[in-house]
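If you want the building blocks of each chain, they are given just below.
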Amino acid sequence: FYTKTICHAFCYDIFLTKDKKMKKLFTSILLFLSTVFMFGENQFYFDFGSVNFGYHDKYQIVTEIKNGSIVMTLIKPISYRLKTYFTSLGDTIYTIIFLMIPCLIASFIINYIYGNLSVYTVSGILLFIISFCFSMYINMCLNFLLGCMTFVTLNIWGILQIYRAINQLLSGVLIPLVFFPEWAKNIINYLPFASIISTPINIFLGKYTGVVALQAIVLQIIWMLLLHISTEITWRAVVKRLVVQGG
């Protein structure tokens, strides 16, 4: 009853507030409460997927092309990619402070209550931080590549919805990858989407340790290099096709 009452209260707050970031915060807390009461001590799974890993950058590219403001950015002696990445990074830091850190603290508290702090080690936390930073860059590159499609199609709303669905499914946001069949996990774990969410989570929860954790991080580095090269090639190709719709 108490859980249901709390969830209803948060639902009302979510629908009444007009602040999108506050809606995201309320939703994260709601999902966290649901997770705690539904899965219990050994199945705790914090809402890592709610952290905004650079969703802002692809929408920024779309908006700037539509209103024509991208022209003023391109004539400046700065890297448009770096500008987009750091703009996205600022938004990500906000969500880390207000979404990710509270979830991590709650995870420590719950595992402390149930005497399960053995999953947290210094090496595991360090590897988690490294993996988390790599996951941010991978996601930023993917979002930048998606945003670059606006230079070609001018409107990528449908593509964004398809990408978001695929990303949330294959990264473990909607369903943890552990619930997938073994043959599917063996394929998905090598895709860049798993490196965004599933890999950092598994390292943090102690599912990936030692050699397995290092192999997962090496895979992240490989995807970082491939996606970095891809964004460089794609940007040089599509920027020549710029068609401004506004101004």
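Above this note sits the structure.
Predicted, not measured: the structure shown is a model, and the values here were computed from it.

Peer 1: Outline the overall build of the protein chain, supporting the account with residue identities and numerical values.
Peer 2: Summing up its helical and strand segments, the protein chain has twelve helices and zero strands in all. Reading the helices (α) and strands (β) of the protein chain from amino to carboxyl end gives α-α-α-α-α-α-α-α-α-α-α-α. Relative to its 247 residues, the protein chain shows a buried fraction of 44%. A sequence separation of at least 24 residues applies to 73% of the contacts in the protein chain between residues at least 6 apart. Total accessible area on the protein chain is roughly 13,600 Å²; 71% of this is exposed by carbon and sulfur atoms.

Peer 1: Tell me about the side chain of Glu 64, and please be specific about residues and values.
Peer 2: Relative to the helices and strands, Glu 64 is located in helix α3 (residues 55-67). On the accessibility criterion, Glu 64 (10% relative accessible area) is buried. Within the structure, the side chain of Glu 64 is placed 2.8 Å from the side chain of Tyr 80, a separation counted as a polar contact. Those residues in contact with Glu 64 that lie beyond four places of it in its chain are Ser 69, Ile 70, Thr 73, Tyr 80 and Lys 83.

Peer 1: Please give an account of the nonpolar core that cites residues and values.
Peer 2: Counting 47 residues, the largest nonpolar core has Leu 142, Phe 144, Phe 151, Ile 203 and Trp 235 as its most contacted members. Elements with a contribution of two residues or more to this core: α3, α5 (80-113), α6 (122-148), α8 (157-171), α9 (182-188), α10 (192-196), α11 (198-204) and α12 (210-238). Broken down by element, the residue count for this core peaks at twelve residues, all from α6.

Peer 1: Give me the lowdown on the packing of aromatic side chains, citing residues and values where you can.
Peer 2: Counted under the stated rule, the structure contains eight aromatic pairs. Taken together, a centroid distance of 5.7 Å and an interplanar angle of 50 degrees make the contact between Phe 144 and Trp 235 tilted. Of this pair, Phe 144 sits in helix α6 while Trp 235 sits in helix α12; the two residues are 91 residues apart in sequence, bridging distant segments of the chain. Trp 235 sits in the buried class, given a relative accessible area of 13%.

Peer 1: Outline the pattern of salt bridges, supporting the account with residue identities and numerical values.
Peer 2: Under the counting rule described, the total for this entry stands at four salt bridges. One salt bridge connects Glu 182 with Lys 185, and the closest N-O pair in it is separated by 3.4 Å. Taken as a pair, Glu 182 and Lys 185 lie in helix α9 at a separation of three residues, close to a single helical turn. Here Arg 236 ties to Glu 232 by a salt bridge, and the two come within 2.9 Å at their closest N and O atoms. You can see Arg 236 and its partner Glu 232 sitting in helix α12, four residues apart, about one turn around the helix. Using a relative accessible area of 24% as the deciding quantity, one classes Glu 232 as partly exposed. Counted as one network, the salt bridges with shared partners bring together Arg 81, Glu 232 and Arg 236.

Peer 1: Quick one: what's the story with the environment of Ser 107, residue by residue and with numbers?
Peer 2: Relative to the helices and strands, Ser 107 resides in helix α5. Residues Ser 107 and Leu 205, 98 residues apart in the sequence, show an inter-C-alpha distance of 9.4 Å.

Peer 1: Go over α5 with me, naming the residues and quoting the values.
Peer 2: Taking 1.5 Å of rise per residue, the 34 residues of α5 would be expected to cover 50 Å, and the 48 Å separating its terminal C-alpha atoms lies within 8% of that figure. The sharpest bend along α5 comes to roughly 45 degrees, located at Ile 96. The first or second residue beyond α5 is Gly 115, which carries a positive phi of 65 degrees.

What counts, and where the lines are drawn
Residues numbered from 1 in each chain as written. Predicted model: local features only at pLDDT ≥ 70, side-chain atom pairs only at ≥ 80, totals over all residues. Heavy atoms only, no water. Helix = DSSP H or I, 4+ residues; strand = E, 2+ residues; numbered from the N terminus. Buried < 20%, exposed > 50% of the residue type's maximum accessible area, 1.4 Å probe, protein only. Contact = heavy atoms within 4.5 Å. Areas by Shrake-Rupley, 256 points an atom, 1.4 Å probe, with all protein chains shown as cover. Polar contact = N/O pair within 3.5 Å; in protein donor to acceptor, adjacent residues only side chain to side chain. Core = buried A, V, L, I, M, F, W, Y, C linked by side-chain atoms within 4.5 Å. Phe/Tyr/Trp six-rings, centres within 6.5 Å; stacked < 30°, edge-to-face > 60°. Salt bridge = Lys/Arg side-chain N within 4 Å of Asp/Glu carboxyl O. Expected span 1.5 Å × (residues − 1). Bend = angle between axes of the 7 residues up to and from the residue.

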